[in-house]
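Residue-level structural notes
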Number of protein chains: 2
Amino acid sequence: MTGKLYGIGVGPGDPDLLTIKAFKILRKAKVVCYPAPDNGESFARSIVADMIAPDVQEIPIVIPMRVERFPARSIYDEAALSLRERLDAGEDVVVLCEGDPFFYGSFMYVFERLAADYETEIVPGISSLMTGPAELKRPLAARNDVLTVIPGPLEDERIEQLLGGCDAAAIIKIGRHFSRIRALLERLQLTDSAGYAERLTLENQRIMPLASAEEGAAPYFSMIFVYKGAETWVQDLPVANAQPIAELSR
Amino acid sequence: MTGKLYGIGVGPGDPDLLTIKAFKILRKAKVVCYPAPDNGESFARSIVADMIAPDVQEIPIVIPMRVERFPARSIYDEAALSLRERLDAGEDVVVLCEGDPFFYGSFMYVFERLAADYETEIVPGISSLMTGPAELKRPLAARNDVLTVIPGPLEDERIEQLLGGCDAAAIIKIGRHFSRIRALLERLQLTDSAGYAERLTLENQRIMPLASAEEGAAPYFSMIFVYKGAETWVQDLPVANAQPIAELSR
């Protein structure tokens, strides 16, 4: 009997945004795997650190941090091999994933290498797509709105086209593209319809109207939410921890 | 001191997909409000029924069930008045919402009437947007994919245009539009890239490749997931409870 592979979403950062299901699986886990940068601690692991028993075998997938490049195949090839060893030995393996495993999640890289050979269960997680609007206190999309999730690294022309065709947009992976995207939204007269969010639900969370966000770089996982549909939500977007973006390190 | 308004996402159906945060708020709640049809029990309430203490004051918002019409303003106007009474009396009010409160969620109708006057907290929930791919065992979107959420009631021409501009799509609110949308995807040669999902995480969940789904009507909350991006996920989509759609009542 081979072991079972779990991909569990651990949410945006607040440990209480784990699901009860993920919590139960994690508490029974004997082998826990997670992505980790080569220059610091794993964010996914830090979210659930208090739920991992001391005798758990931990398998970090160490990813060299390069600006917005996708991890080399060889790193996940190697990680998959060591997970195969555990699974072949009949042990269940729990892979942690920030946010949701299948919404631009890193679990995909493990999944595509192992799911054909082992029983696999994916536990959805709270995504920043839902957390941003909750913190900004403005609905994401309603009724028959079209919602588009737009990766920030795409070219201006493509982003402009996508924004033209939707009622609501979440622009993700902002990072070093912040100034460019902000300028684009300004040109499209969408700045006043946009909210900015970073480090959601963490102590240093920053949310604000895009108009209040200063020029500079933003963290990789920061997002901009745009609403241009028919609904009229009257509240001003809240401002929290609104220090200039430029002062923050990546 | 007025009370605090909570909008909490209770997820797609499995009570274990509630977040720990929502669970904690619900266990302390003295007043719980939820939408309910005029011909049956509230789905949102049924998900968390075991977590509601017997002495809790319950305020159902009774919504007449008409096929895919949005609820009349007057119903939410009236509900908002009775919630104001509780909040003005200093009581916290917890409003339950299927899935996520701000992702096409019914909490929006309460929020837009009360959030300007009362402290409000939104607790994000697990959305069907994340649960569908988890159950279908196929990633939703990855890397720099563009993801578009398309309401099924939109016209063919608009849906076709949106599908042309994205890498991944979730078509929501399928309901009586099932046959039309299926025919459209067939014409666009996207049937083989599409998965169908309904009643996610419930006992009578049905997931299958769209090609296996028979003609007919589908439940209102059913969804179709299309992937046409660059990733190659090799697994066939799983089939569960694949009885003909036409045999199921709405």
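All of the points below concern the structure found in this document. (Residues numbered from 1 in each chain as written. Chains lettered and ligands numbered in written order. Predicted model: local features only at pLDDT ≥ 70, side-chain atom pairs only at ≥ 80, totals over all residues. Heavy atoms only, no water.)

Focus on the relation of the copies chain A and chain B
Take chain A, turn it by 180°, move it 0.0 Å along the axis, and it overlays chain B with an RMSD of 0.0 Å. These values place the two chain copies in the arrangement generated by a two-fold rotation axis. When the interface residues of chain A are mapped onto chain B, 100% of them are again interface residues, pointing to one common binding face. (Least-squares fit on C-alpha atoms with pLDDT ≥ 70 in both. Contact = heavy atoms within 4.5 Å.)

Let's talk about the packing of helix α3 (residues 73-88) of chain B against helix α4 (residues 107-114) of chain B
Residues and elements named next belong to chain B. The contact between α3 and α4 brings their axes to 9 Å, and the two run at 60°. For the element pair α3 / α4, the angle class is oblique. Here the hand of the crossing between α3 and α4 comes out right-handed. Residues R73, Y76, D77, A80, L83, R84 and L87 of α3 pack against Y109, V110, E112, R113 and L114 of α4. When the residues that make up the contact of α3 with α4 are grouped by side-chain class, the tally is seven nonpolar, no polar and five charged. (Axes fitted to C-alpha atoms, helices over the stretch in contact; angles between N-to-C directions. Helix = DSSP H or I, 4+ residues; strand = E, 2+ residues; numbered from the N terminus. Parallel < 35°, antiparallel > 145°, perpendicular 65-115°, else oblique. Left-handed = near helix turned anticlockwise from the far one by under 90°. Nonpolar A, V, L, I, M, F, W, Y, C, P; charged D, E, K, R; others polar.)

Here we look at the packing of aromatic side chains
By the definition in use, this model includes twelve aromatic pairs over all chains. What links up through ring pairs into an aromatic cluster is the set F102(A), F107(A) and F111(A). (Phe/Tyr/Trp six-rings, centres within 6.5 Å; stacked < 30°, edge-to-face > 60°.)

Description of the pairing of strand β2 (residues 31-37) of chain B
Residues and elements named next belong to chain B. Counting buried positions along β2 gives seven out of seven residues, so the element sits mostly inside the fold. Burial of the side chains of β2 extends over both faces: V31, C33, P35 and P37 are buried on one face and V32, Y34 and A36 on the other. As paired elements, β2 and strand β3 (residues 57-63) share seven bridges and run parallel to each other. Its bridge partner being in β3, V32 is matched across the sheet by E58. Relative to strand β4 (residues 93-97), β2 runs parallel, the two sharing two bridges. Residue C33 lies in a different strand from β4, and its bridge partner there is V95. (Buried < 20%, exposed > 50% of the residue type's maximum accessible area, 1.4 Å probe, protein only. Pairing = 2+ DSSP bridges.)

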